[in-house]
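Chain by chain, the residues:
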Amino acid sequence: MAPRLGLTLDECRGVEYHELHAKDLVNKSNARPMPFGWTVNPYRGCEMACRYCFARYTHEFLGLNDPDAFERKIYVKETKRDRLIAEFRRARKSGQLVALGTATDPYQPAEAKFEVTRRVLEAAREVPGLLLSITTKSTLVARDAGLLREIGASSEVTVNLSITTVDPALARRLEPRAPRPDLRFVAMNALADAGVATRLFIMPILPGLTDHEENLKALLVAARDAGAVGAESNVLFLRPGTRETFLQFLAIDFPQLVPEYERLYRGLAYARPDYVRDVERRVRYLAAEVGLAARRREDRPDQRTPRQLSLVW
Ligand code: SF4
């Protein structure tokens with residue numbers, strides 16, 4: 001990547017790619033109780049342009065406050081193989097989960113061009129005994145099925161496919177440049193066939209749009225049939241930076257829902273607890289009905305307490 005990058009333009013799609021020198025790619029997560037101890041985000045910005053994307057604020061750190069910049073100016077992190085291996089060894093020693101894609105999607109369209117995620121995984125393959133998870137909305141993850149299988153021979157690896165609706169027309173409006181939901185299930189199936197553990201992430205669940213029983217059940221059934229080992233869900237989080245973009249979209253595309261969002265969110269980032277509890281109950285009930293294990297995001301173990309590693313290296 002590096003010698004080629006500088007400023008690269010994809011004129012068809014109107015996207016600019018810039019190289020970003022990051023001190024570390026595998027970063028310790030210290031902020032608050034989190035279900036992972038380390039994070040890896042190979043790209044800043046994401047062309048898939050989900051209306052509800054919670055990572056939009058990360059572009060503000062770069063001084064880019066225009067919401068379109070998040071989708072059109074993508075920063076590609078530089079990788080150094082030896083450095084990555086050393087960082088993964090440090091993470092392994094901690095016994096904590098390394099999560100790829102906690103902010104932006106590691107298999108967004110830029111990955112087809114620059115393969116930073118691929119190089120990160122090639123480094124992870126050299127460090128047996130890791131606990132690794134990958135979260136994505138992209139079918140491109142199936143490209144790495146063989147590599148993930150190799151990693152899985154000596155480490156624990158799970159791929160979380162984020163799918164919010166089975167309705168392709170609604171998905172196109174909510175996640176304009178992400179692959180169709182049915183294609184994401186095909187990718188899930190391909191990974192399961194390769195022996196890679198997968199999980200359905202119904203994240204975020206959007207009030208009035210994707211929270212109804214028919215959609216939730218269809219997602220869970222499709223995941224079960226595609227070989228997922230379980231499902232996880234979370235209701236929409238409207239942090240500043242996301243709130244403005246999402247509410248603007250809602251006002252234009254679904255104006256009839258604006259009063260309901262005002263009632264549920266009351267100007268806050270989290271929806272009312274009674275609504276959240278109700279949705280969580282619904283997901284748990286439906287998951288049990290279709291025979292899939294379900295949990296909430298906060299049910300994952302707090303990674304401040306390292307797990308005992310069972311693998312020997
Ligand atoms: S795929 Fe993920 S990172 Fe990309 S825009 Fe959508 S929510 Fe944001």
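A brief look at the structure comes next.

Scoring rules and cut-offs
- Per chain, residue numbering runs from 1 following the sequence as it is written.
- Restriction of local features to residues with pLDDT of at least 70 applies here, the model being predicted, together with a cutoff of 80 or more for giving and counting side-chain atom pairs; totals for whole chains, interfaces and linings are based on all residues.
- Only hydrogens and water are set aside; all other atoms, that is, all heavy atoms of the structure, feed into the side-chain values.
- Among buried residues, the Ala, Val, Leu, Ile, Met, Phe, Trp, Tyr and Cys ones that are joined through side-chain atoms within 4.5 Å form a nonpolar core.
- Partly exposed residues are those whose accessible area sits between 20% and 50% of the maximum for their type, while under 20% is buried and over 50% is exposed, using a 1.4 Å probe and protein chains only.
- We count a stretch as a helix when DSSP gives it H or I for four or more residues in a row; a strand needs E for two or more, and each element gets its number in order from the N terminus.
- Domain start and end points were adopted from an automatic or database domain assignment.
- We call two residues in contact whenever any of their non-hydrogen atoms come within 4.5 Å of each other.
- Every angle, taken between N-to-C directions, lies between 0 and 180 degrees, and every axis is a line fitted to C-alpha atoms, over only the stretch in contact when it is a helix.
- Any angle that falls under 35 degrees is termed roughly parallel, while one over 145 is termed roughly antiparallel, one within 65 to 115 roughly perpendicular, and all others oblique.
- Residues are grouped as follows: Ala, Val, Leu, Ile, Met, Phe, Trp, Tyr, Cys and Pro are nonpolar; Asp, Glu, Lys and Arg are charged; all remaining types, including Gly, are polar.
- As used in this structure description, the phrase polar contact means that two N or O atoms lie within 3.5 Å; if the pair is within protein, one of them must be able to donate a hydrogen and the other to accept it, and residues adjacent in sequence are counted only when both atoms belong to side chains.
- A carboxyl oxygen of Asp or Glu within 4 Å of a side-chain nitrogen of Lys or Arg is what we treat as a salt bridge.

Here the focus is the nonpolar core. Counting 84 residues, the largest nonpolar core has Phe88, Leu148 and Leu200 as its most contacted members. Of all the elements, helix 12 (residues 273-290) adds the most residues to this core, at 7 residues. Composition of this core by domain shows at least three residues from each of domain 1 (2-237 + 273-299) and domain 2 (238-270). Dropping the residues within four chain positions of it, Leu200 is found in contact with Leu161, Ile163, Phe185, Met188, Leu219, Leu220, Ala223, Ala228, Gly230, Ala231 and Glu232. Within the second largest apolar cluster, 5 residues are counted, among which are Met34, Phe36, Leu97 and Leu131.

Here we come to the packing of helix 8 (residues 181-193) against helix 9 (residues 213-225). One way to put it is that helix 8 packs onto helix 9 with a least axis distance of 9 Å and a crossing angle of 30 degrees. By the angle between their axes, helix 8 is roughly parallel relative to helix 9. Contacts between helix 8 and helix 9 pair Phe185, Met188 and Asn189 from the former with Leu219, Ala222, Ala223 and Asp225 from the latter. Looking at the contact of helix 8 with helix 9 residue by residue, the classes come out as 5 nonpolar, 1 polar and 1 charged.

Here the focus is the side chain of Glu71. Note that Glu71 resides in helix 2 (residues 67-72). Using a relative accessible area of 8% as the deciding quantity, one classes Glu71 as buried. A polar contact of 3.3 Å, which involves the side chain of Glu71, links it to the side chain of Arg177. For Glu71, the residues in contact, after removing those within four places along its chain, are Val15, Cys46, Glu47, Ala49, Arg56 and Arg177.

Turning to the pattern of salt bridges, a few remarks are in order. Tallied over the entire structure, the rule returns 24 salt bridges. With its nearest N and O atoms 3.2 Å apart, the salt bridge here joins Arg173 to Asp253. Taken together, the residues Arg173 in helix 7 (residues 168-174) and Asp253 in helix 10 (residues 243-253) connect sequence positions 80 residues apart. For Arg173, a relative accessible area of 36% gives the class partly exposed. The partner of Asp278 in a salt bridge is Arg282, with the nearest N and O atoms 2.6 Å apart. Taken together, the positions of Asp278 and Arg282, both in helix 12 and 4 residues apart, correspond to about one turn of that helix. Connected through shared salt-bridge partners, Glu111, Glu115, Arg118, Glu122, Arg143 and Asp144 make up one network.

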